[in-house]
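# Chain and residue survey
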Amino acid sequence: MAKICVIGSLNIDLTVSVPRFHMPGETIFSNDFKTFAGGKGGNQAVAAAKLSNEVMMVGKLGDDQYANFYIDLMDDLKINHDAVLKSKDAPSGIALIEVDETGENRIIVVSGANMLVDVAQIKNYLNRILEYDIFLFQLEIPLEPMVYLVEILKEHNKIIILDPAPARELPDELISNVTILTPNEVELGILSNMPTKTNDDVVLAAKSLIARGAKKVIAKLGSRGAMLVTENSNTMVPAYKVNAIDTTAAGDSFNAGLATALGKHFDDCKAIRFANAVAAISTTSMGAQGAMPSLKDVKEFFNKIKNGQI
Ligand code: RIB
């Protein structure tokens, strides 16, 4: 069991199934609307907890019904949420999500209280945070507290995984202080300002981040798999094929799977295979957190692959 701390966003996902993504000015019907817990940070924490890790979440919610819903959920999963604060100055974050018939999604995030996570909050909980070994970050909270904490974690030789999603400009100091960057191909394109269409493009774009100080880049390439790029190597680890219903949070599940596997001291390629399995399984029902697997589920998945059932 690894000790994993997630610093990031907690959203409530308002999810609508659509037959297809529609055009500007067009009105279409949906026959399915559901409310789920989400947010890239919360999703990573939930996925890591379902994989039997000891998990702490650091973030901010509003002082509203949605916050109580999320806190109850974290209690159920035994996620330590002492450092999840409730703010009276902004509502809990919301994500408006459309999922089409192929399982692809479009997301609009209204950040609310997530954007109030600050350095003071990190300082107040720093001793508790430093009890953990592996750290998961994303980009749905302000950069300042992240840059501050990552610097300290680096000094303590912690494993730091940054999923640069949603993509934005990042300072080189942050890029070089993290242990692993896990962009998808769109985010890699934005971060590197280079094309990422082909595997060769991906390698060149990832190498440009390595030239800026990144140590390892694992590019999440959806149904193609994940490409591990270091200064001297690049290795493609293929994805597993499943019947995807909703790909929301597949990337978040991948990061949690990666952290879990690194906590078990798997080598990088084995860790990515494990993460690919977690991500694939997570897409097999509706909702960001709907199909996130337990360790037992992942084991059964690998058994099915071995027996040719997948
Ligand atoms: O990565 C998926 C998540 O992105 C959703 O749960 C949504 O809340 C947005 O943050």
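Before going into details, it helps to say that this report is about the structure given with it. (Residues numbered from 1 in each chain as written. Predicted model: local features only at pLDDT ≥ 70, side-chain atom pairs only at ≥ 80, totals over all residues. Heavy atoms only, no water.)

Bridge count between strand β6 (residues 93-99) and strand β7 (residues 105-110): six bridges; the pairing is antiparallel. Bridge pairing in β7 places Leu96 opposite Ile108. Following β6, the chain reverses through five residues before pairing antiparallel with β7; Gly103 in that reversal takes a positive phi of roughly 90°. (Pairing = 2+ DSSP bridges. Helix = DSSP H or I, 4+ residues; strand = E, 2+ residues; numbered from the N terminus.)

Let us look at the packing of aromatic side chains. The relation between two aromatic rings is expressed through the spacing of the ring centres and the mutual angle of the planes. Across all of its chains, the model carries four aromatic pairs by this definition. With a centroid separation of 5.6 Å and an interplanar angle of 85°, the aromatic rings of Tyr240 and Phe301 are classed as edge-to-face. Highlighted residues: Tyr240 in the loop between β13 (234-238) and α8 (250-263) and Phe301 in helix α10 (residues 295-306), separated in sequence by 61 residues. Since its relative accessible area comes to 6%, Phe301 is described here as buried. Ring geometry for Phe301 against Phe302: centres 6.2 Å apart, planes inclined by 75°, an arrangement best described as edge-to-face. The class for Phe302 is partly exposed, based on a relative accessible area of 27%. Members of the aromatic cluster, joined through ring pairs, are Tyr240, Phe301 and Phe302. (Phe/Tyr/Trp six-rings, centres within 6.5 Å; stacked < 30°, edge-to-face > 60°. Buried < 20%, exposed > 50% of the residue type's maximum accessible area, 1.4 Å probe, protein only.)

Two residues of an α-helix separated by three or four positions point the same way, owing to the 3.6 residues in each turn. Taking 1.5 Å per residue as the helical rise, α8 with its 14 residues ought to reach 20 Å, and the 20 Å between its terminal C-alpha atoms agrees with that figure. Here α8 lies mainly inside the structure; twelve of its 14 residues are buried. (Expected span 1.5 Å × (residues − 1).)

In this section: the side chain of Asn255. Its location among the elements puts Asn255 in helix α8. Residue classification places Asn255 among the buried residues on the basis of a relative accessible area of 1%. Polar side-chain contacts of Asn255 include one of 2.8 Å to the side chain of Asp163. Those residues in contact with Asn255 that lie beyond four places of it in its chain are Gln44, Leu136, Ile161, Asp163, Thr182 and Lys220. (Polar contact = N/O pair within 3.5 Å; in protein donor to acceptor, adjacent residues only side chain to side chain. Contact = heavy atoms within 4.5 Å.)

Bringing the site of the ligand into the picture now. Taken together, 14 residues lie around the ligand, and Asp13, Gly39, Lys40, Glu140 and Asp252 are the ones closest in. In the model, an oxygen atom of the ligand is placed 3.0 Å from a nitrogen or oxygen of the Asn11 side chain. Here Glu140 contributes a side-chain N or O atom positioned 2.7 Å from an oxygen atom of the ligand. Alone, the ligand offers 280 Å² of accessible surface; in the complex the protein occludes 97% of this. Mapped onto the shell around the ligand, the elements with two or more residues apiece are β2 (11-17), α1 (40-50) and β7. Among the residues forming the shell around the ligand, the class breakdown is five nonpolar, five polar and four charged. (Near = heavy atom within 4 Å. Areas by Shrake-Rupley, 256 points an atom, 1.4 Å probe, with all protein chains shown as cover. Nonpolar A, V, L, I, M, F, W, Y, C, P; charged D, E, K, R; others polar.)

So, on to helix α4 (residues 143-155). The terminal C-alpha atoms of α4 lie 19 Å apart, and with 13 residues this matches the ideal 18 Å at 1.5 Å per residue to within 8%. Within α4 the residues assigned to the buried category are Leu143, Pro145, Met146, Val147, Leu149, Val150, Ile152 and Leu153. Buried-residue contacts for α4 involve β1 (3-7), α3 (119-129), β8 (134-137), β9 (159-162) and α5 (172-177). Just downstream of α4 lies Asn157, where phi reads positive at about 55°.

This paragraph deals with unusual backbone geometry. Where the residue is not glycine, phi is negative for most of them; where a peptide bond is considered, it is trans in most cases. At the junction of Ala165 and Pro166, the peptide bond is cis and its omega measures out at -10° in the coordinates. Of note, Asn157 is a non-glycine position whose phi angle comes to about 55°, a positive value. With respect to the helices, strands and loops of the structure, Asn157 is situated in the loop between α4 and β9. Here His265, not a glycine, exhibits a phi torsion of approximately 65°, which is positive. Assignment of secondary structure puts His265 in the loop between α8 and α9 (268-282).

Time to look at the packing of α8 against α9. Packing of α8 against α9 leaves a shortest axis separation of 7 Å and a crossing angle of 145°. The handedness of the crossing between α8 and α9 is right-handed. Residues Ala250, Ser253, Phe254, Gly257, Leu258, Thr260, Ala261 and Leu262 of α8 touch α9, and the partners they reach there are Asp268, Ala271, Ile272, Phe274, Ala275, Asn276, Val278, Ala279 and Ser282. The residue makeup of the contact of α8 with α9, split by class, is eleven nonpolar, five polar and one charged. (Axes fitted to C-alpha atoms, helices over the stretch in contact; angles between N-to-C directions. Left-handed = near helix turned anticlockwise from the far one by under 90°.)

Okay, the packing of helix α6 (residues 185-192) against helix α7 (residues 199-211) next. Two quantities define a packed helix pair, namely the angle between the axes and the distance from one axis to the other. At their nearest, the axes of α6 and α7 sit 9 Å apart, and the two run at 50° to each other. The angle between the axes of α6 and α7 places the two elements in the oblique class. The hand of the α6/α7 crossing is left-handed. Across from Leu188, Leu191 and Ser192 in α6, the residues of α7 making contact are Val202, Ala205, Ala206, Ser208 and Leu209. Looking at side-chain class alone, the contact of α6 with α7 contains six nonpolar, two polar and no charged residues. (Parallel < 35°, antiparallel > 145°, perpendicular 65-115°, else oblique.)

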